[in-house]
Amino acid sequence: MLSKKGTKAATIDTLLTEKRKFKPSSSFARQANAKKSIYTTAKKDYVKFWENLASELVWKKKWKKGLTWKAPDAKWFVGGKLNVTESCLDRHIEEGRKNQAAFIWEGEPGDRRTLTYYELYKQVCKFANVLKSLGIRKGDRVAIYLPMIPELVISMLACARIGAIHSVVFGGFSPESLRDRILDLEAKLLITADGGYRRGQIIPLKHDADVALNECPSVTDVIIIKRGDFLLRFKEGRDHWYHRMMQEADAHCPPVSVDSEHPLFILYTSGTTGKPKGIMHTTGGYLTGVYATTKYVFDVKGDDVFWCTADIGWITGHSYIVYGPMAMGVTQVMYEGAPDWPDKDRFWQIVEDYGVSVFYTAPTAIRAFMKWGEQFPRKHDLSTLRLLGTVGEPINPEAWMWYYEHIGNKKCPIVDTWWQTETGHILITPLPGVTATKPGSATRPFPGIEAKILDEQGREIKEGGGYLAITKPWPGMLRGIWGDRKRFIETYWSKWDGIYFPGDGAKIDKDKYFWILGRVDDVINTAGHRISTMEVESALVEHNAVVEAAVVGIPHELKGQCLVAFVTLGGETTFDDIISRQLRDFVARKIGAIARPERIINAPELPKTRSGKIMRRLLRDIATGKLLGDTTTLADPDVLARIQRRYEED
Ligand code: 7RM
């Protein structure tokens with residue numbers, strides 16, 4: 001369990017070993033889009049591999065060169081011209097998918113709408129004409145602040161249709177967050193709604209937007225989509241109703257062909273410190289990356305019903321609701337609201353109602369489903385499901401097994417997909433039908449992707465823990481941070497020469513499988529060991545009484561740092577000294593005495609970002625008694641206060 005000599009300070013100790021392995025069934029393999037040979041084909045010439053995939057999309061003008069690469073700057077499909085909406089819309093209409101449903105949408109209150117590809121195409125063209133009528137041109141930035149309604153997709157594609165750059169701000173963000181993003185973008189236009197629904201409450205989007213816009217001089221126009229009958233203040237001259245403008249708009253709008261490297265969108269991601277980074281993605285490479293991964297990772301076919309539960313305000317929604325699945329021409333489910341509204345079986349009701357076949361969600365959701373209990377999925381017919389996916393955090397083997405058994409009925413492969421806002425599309429993942437999976441492992445780099453585990457000095461670790469590194473360019477890679485070249489280089493390209501550093505720790509096993517250990521900021525240095533909090537959390541969750549756990553390191557006189565575990569207990573168990581000792585011993589037995597938490601803290605809920613990632617930084621501050629850090633990205637700030645109170649009461 002000790003790290004190898006000589007690399008001690010630079011690597012991460014690996015503590016957990018997972019032995020279970022699930023081979024693809026021959027019936028899945030037979031029908032799968034991916035065949036084993038895809039890995040060897042890609043390895044032979046990875047640029048050619050991506051070029052072949054790009055050729056499956058619609059281009060106005062073919063590229064001259066597949067890739068030019070001078071780290072950290074990549075250009076993919078150089079000289080090529082295209083408009084992404086032609087691959088996502090026009091093509092399906094021309095190829096006989098005109099009246100196929102693009103989206104089956106369900107609002108939280110239960111309202112339903114179905115939009116065919118043809119209907120969506122007309123709406124996008126109309127709205128593109130509306131944008132033009134307000135003076136929006138190629139390269140202009142348009143901020144979008146909407147709930148999960150079809151008009152969100154229409155808005156993004158309408159921007160893309162005319163070469164404008166969209167920047168979606170998640171509807172749950174505060175006026176301050178919206179303001180900071182608009183200022184950084186110097187956006188001309190904001191698209192918002194009168195409101196949205198979440199757990200039966202109304203989110204006053206337009207009201208919040210008004211607050212933000214008080215300090216945003218660049219925004220000259222606001223388009224408001226009417227979601228309900230929500231009160232709002234209408235500012236004459238600046239504000240426009242979407243439905244009024246759409247009435248007058250022409251349903252034909254020729255796509256503006258842009259350079260392959262023209263920016264498609266900017267999406268902000270909050271780092272551990274400092275202001276959010278505007279991650280910039282371009283056109284040809286990004287579309288190729290999301291298209292290829294949708295095809296081979298989600299294995300989608302003409303008769304599939306695909307449901308990615310992410311909000312489009314996150315990269316997962318951009319890549320695997322809007323661009324990837326639409327380029328594949330698949331039918332999707334889109335849902336506006338919360339998974340536990342009006343009851344905890346809402347998702348399974350939706351799967352049953354629409355016959356969802358491919359389902360993609362996050363570990364945080366799966367752990368919530370586990371906590372709620374298997375009686376909720378059991379109430380519904382989930383037999384249409386054939387493939388499951390996860391993304392967002394490391395999935396602990398317990399949650400993986402639960403997902404496999406209770407949602408997939410032991411017959412659906414699970415794709416644990418590792419990627420980031422910055423990577424644009426999935427980079428490390430199993431291919432269903434090809435890759436044998438191990439619960440908790442994202443398995444292998446996608447074909448055409450090269451990933452390694454390196455130590456601080458950039459030496460490769462062939463087996464064991466270290467830093468995850470992406471060692472070759474890939475088509476969907478970020479092309480920069482909007483307006484901040486220096487930060488782009490410092491954050492991602494300064495650890496090693498010409499190699500991308502995602503900021504995650506990972507380990508590689510003897511089968512060359514990757515196990516993501518979480519952010520390196522979350523690695524704990526205790527008594528000379530570098531331990532990933534994820535592994536200790538995983539061990540804790542294996543205990544029957546624990547549904548969720550977050551582990552942090554705090555300063556310790558002798559050990560440097562020691563471990564403190566925040567745990568959410570399930571069922572009937574009440575928190576006391578006995579369970580606390582049991583859990584500490586349990587961890588020591590499972591993964592070794594060095595990982596025994598110094599303290600266990602009862603946390604009925606854990607603080608999470610709005611996209612569901614546990615915020616260990618805040619827990620660290622609580623455990624060390626520090627002032628609270630920045631909580632503006634916290635989904636429920638009260639959670640923190642409650643945890644803090646408990647800690648102080650202790
Ligand atoms: C898609 C997304 C990125 C960070 C990333 C990791 C963590 C994402 C996995 C994962 C383990 C996974 N974009 N992460 N997927 N960790 N296994 N399958 O989440 O920009 O919001 O976050 O999320 O730490 O660096 S993101």
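We now turn to the structure provided with this report. Just so you know, these numbers come straight off a predicted model, no measurement behind them.

As for the overall build of the chain
- When helices and strands are tallied, the chain shows 20 helices and 30 strands.
- For a compact globule of 650 residues, the expected C-alpha radius of gyration is about 26 Å, and the chain comes in at 24 Å, within 12% of that figure.
- Its C-alpha atoms give the chain principal-axis dimensions of roughly 70 × 55 × 50 Å.
- Taken across its 650 residues, the chain has 63% of its residues classed as buried.
- Contacts spanning at least 24 positions in sequence make up 71% of the contacts within the chain whose residues lie at least 6 apart.
- Summed over all atoms, the accessible surface of the chain reaches about 25,200 Å², with 49% contributed by carbon and sulfur.
- Charge-centre separation for the chain: the mean point of 91 positive side chains lies 6 Å from the mean point of 80 negative side chains.

Let's talk about the sheet that holds strand 19 (residues 387-390)
- Ordered by their spatial adjacency, seven strands build an open sheet running 5-4-17-16-18-19-20, and the pairing between neighbours is mixed. Edge strands, defined here as strands with exactly one partner in the open sheet, are strand 5 (112-116) and strand 20 (414-416). Between one strand axis and the next, the sheet turns by 15 degrees as a mean value, whatever way the strands run.
- This element, helix 11 (residues 315-328), spans strand 4 (101-106), strand 16 (305-308), strand 17 (331-335) and strand 18 (358-361) of the sheet and lies at about 160 degrees to strand 16.

Concerning the site of the ligand
- Taken together, 16 residues lie near the ligand, and Asp416, Thr417, Thr421, Asp504 and Arg519 sit nearest.
- At 3.3 Å, a backbone N or O of Pro394 approaches a nitrogen atom of the ligand.
- With respect to the ligand, the side chain of Thr421 contributes an N or O atom lying 2.7 Å from an oxygen atom.
- Surface burial for the ligand is 91%, taken as the share of its 530 Å² of free accessible area covered by protein chains.
- Of the residues assigned to the shell around the ligand, the class counts are six nonpolar, five polar and five charged.

Here we look at the pairing of strand 18
- Burial along strand 18 is two-sided: Val358 and Tyr360 and Phe359 and Thr361, pointing in opposite directions, are all buried.
- As defined by bridge partners, strand 16 adjoins strand 18 across three bridges and the pair is classed as parallel. Bridging across to strand 18, Cys308 finds its partner in Tyr360.
- As defined by bridge partners, strand 18 adjoins strand 19 across four bridges and the pair is classed as parallel. Residue Tyr360 lies in a different strand from strand 19, and its bridge partner there is Gly389.

Points about the packing of helix 4 (residues 84-94) against helix 11
- In contact at an axis separation of 8 Å, helix 4 and helix 11 are set at 45 degrees when each is read in the N-to-C sense. Considering their axes alone, helix 4 and helix 11 lie oblique with respect to each other. Taken as a pair, helix 4 and helix 11 cross one another with a handedness that is left-handed. Where helix 4 approaches helix 11, its residues Val84, Ser87, Cys88, Leu89, Arg91 and His92 are matched on the opposing element by Tyr323, Met326, Ala327 and Met328.
- Looking at the contact of helix 4 with helix 11 residue by residue, the class counts come to seven nonpolar, two polar and one charged.

Section: the pattern of salt bridges
- All told, the structure shown has 48 salt bridges when counted by the stated rule.
- Between Glu215 and Arg179 there is a salt bridge, and its shortest N-O distance comes to 3.3 Å. On the criterion of sequence distance, the pair formed by Glu215 in the loop between helix 8 (205-213) and strand 11 (221-225) and Arg179 in helix 7 (residues 175-185) is long-range, its members being 36 residues apart.
- Owing to a relative accessible area of 45%, Glu215 belongs among the partly exposed residues under this scheme.

Here's the deal with helix 6 (residues 150-161)
- Look at helix 6: 16 Å from first C-alpha to last across 12 residues, which is about the 16 Å you get at 1.5 Å a residue.
- Across the 12 residues of helix 6, 12 count as buried, placing the element largely inside the fold.
- Turning to helix 6, its buried residues are Pro150, Glu151, Leu152, Val153, Ile154, Ser155, Met156, Leu157, Ala158, Cys159, Ala160 and Arg161.
- Just downstream of helix 6, Gly163 is the residue with a positive phi angle, here 80 degrees.

Observations regarding the environment of Ile225
- The topology assignment puts Ile225 in strand 11.
- Along the sequence, Ile225 and Ala365 sit 140 residues apart, while their C-alpha atoms lie 29 Å from each other.
- Those residues in contact with Ile225, other than ones at most four positions away along the chain, are Leu146, Ile149, Glu151, Ser155, Ile191, Thr192, Ala193, Asp194, Trp241 and Tyr242.

Some points on helix 11
- For helix 11, the buried fraction is high: 14 of the 14 residues fall into the buried class.
- Taken from the residues just after helix 11, Gly329 is the one with a positive phi, measuring 70 degrees.

A look at the packing of aromatic side chains
- For the coordinates displayed, the defined rule picks out 43 aromatic pairs.
- Each ring, one from Phe347 and one from Trp348, has its centre 6.3 Å from the other, and the planes form 85 degrees; the classification is edge-to-face.
- Where Tyr492 meets Tyr500, the ring centres are 5.5 Å apart and the plane angle is 15 degrees; that geometry is what we call stacked.
- Assessed through its relative accessible area of 0%, Tyr500 is described here as buried.

A closer look at unusual backbone geometry
- Residue Pro72 is bonded to the preceding Ala71 through a cis peptide linkage, with omega at 5 degrees.
- Tracing the backbone through its elements, the reader meets Pro72 in the loop between strand 1 (65-70) and strand 2 (73-78).
- For the peptide bond that leads from Trp341 to Pro342, omega is -5 degrees, which places it in the cis range.
- Along the polypeptide, Pro342 turns up in the loop between strand 17 and helix 12 (346-354).
- Even without glycine at this site, Arg199 takes up a positive phi of about 50 degrees.
- Within the element layout of this structure, Arg199 appears in the loop between strand 9 (196-198) and strand 10 (201-203).
- Notably, Lys410 is not glycine yet its phi reads approximately 60 degrees, a positive angle.
- The topology assignment puts Lys410 in the loop between helix 15 (397-407) and strand 20.
- Judged by relative accessible area, which is 54%, Lys410 ranks as exposed.

Details of the packing of helix 5 (residues 117-133) against helix 6
- Relative orientation of the contacting elements helix 5 and helix 6 amounts to 60 degrees, with a least axis distance of 8 Å. For the pair helix 5 and helix 6, the crossing hand works out as right-handed. Touching Leu120, Tyr121, Gln123, Val124, Cys125, Phe127, Ala128 and Leu131 of helix 5 are Ile154, Ser155, Leu157, Ala158, Cys159 and Arg161, all from helix 6.
- Each residue belonging to the contact of helix 5 with helix 6 can be placed in one class, and the counts come to 11 nonpolar, two polar and one charged.

Thresholds applied
- Residues numbered from 1 in each chain as written.
- Predicted model: local features only at pLDDT ≥ 70, side-chain atom pairs only at ≥ 80, totals over all residues.
- Heavy atoms only, no water.
- Helix = DSSP H or I, 4+ residues; strand = E, 2+ residues; numbered from the N terminus.
- Rg over C-alpha atoms; globule rule 2.2 N^0.38 Å.
- Buried < 20%, exposed > 50% of the residue type's maximum accessible area, 1.4 Å probe, protein only.
- Contact = heavy atoms within 4.5 Å.
- Areas by Shrake-Rupley, 256 points an atom, 1.4 Å probe, with all protein chains shown as cover.
- Lys, Arg positive; Asp, Glu negative; His and termini not counted.
- Charge placed at Lys NZ, Arg CZ, Asp CG, Glu CD.
- Pairing = 2+ DSSP bridges.
- Axes fitted to C-alpha atoms, helices over the stretch in contact; angles between N-to-C directions.
- Near = heavy atom within 4 Å.
- Polar contact = N/O pair within 3.5 Å; in protein donor to acceptor, adjacent residues only side chain to side chain.
- Nonpolar A, V, L, I, M, F, W, Y, C, P; charged D, E, K, R; others polar.
- Parallel < 35°, antiparallel > 145°, perpendicular 65-115°, else oblique.
- Left-handed = near helix turned anticlockwise from the far one by under 90°.
- Salt bridge = Lys/Arg side-chain N within 4 Å of Asp/Glu carboxyl O.
- Expected span 1.5 Å × (residues − 1).
- Phe/Tyr/Trp six-rings, centres within 6.5 Å; stacked < 30°, edge-to-face > 60°.

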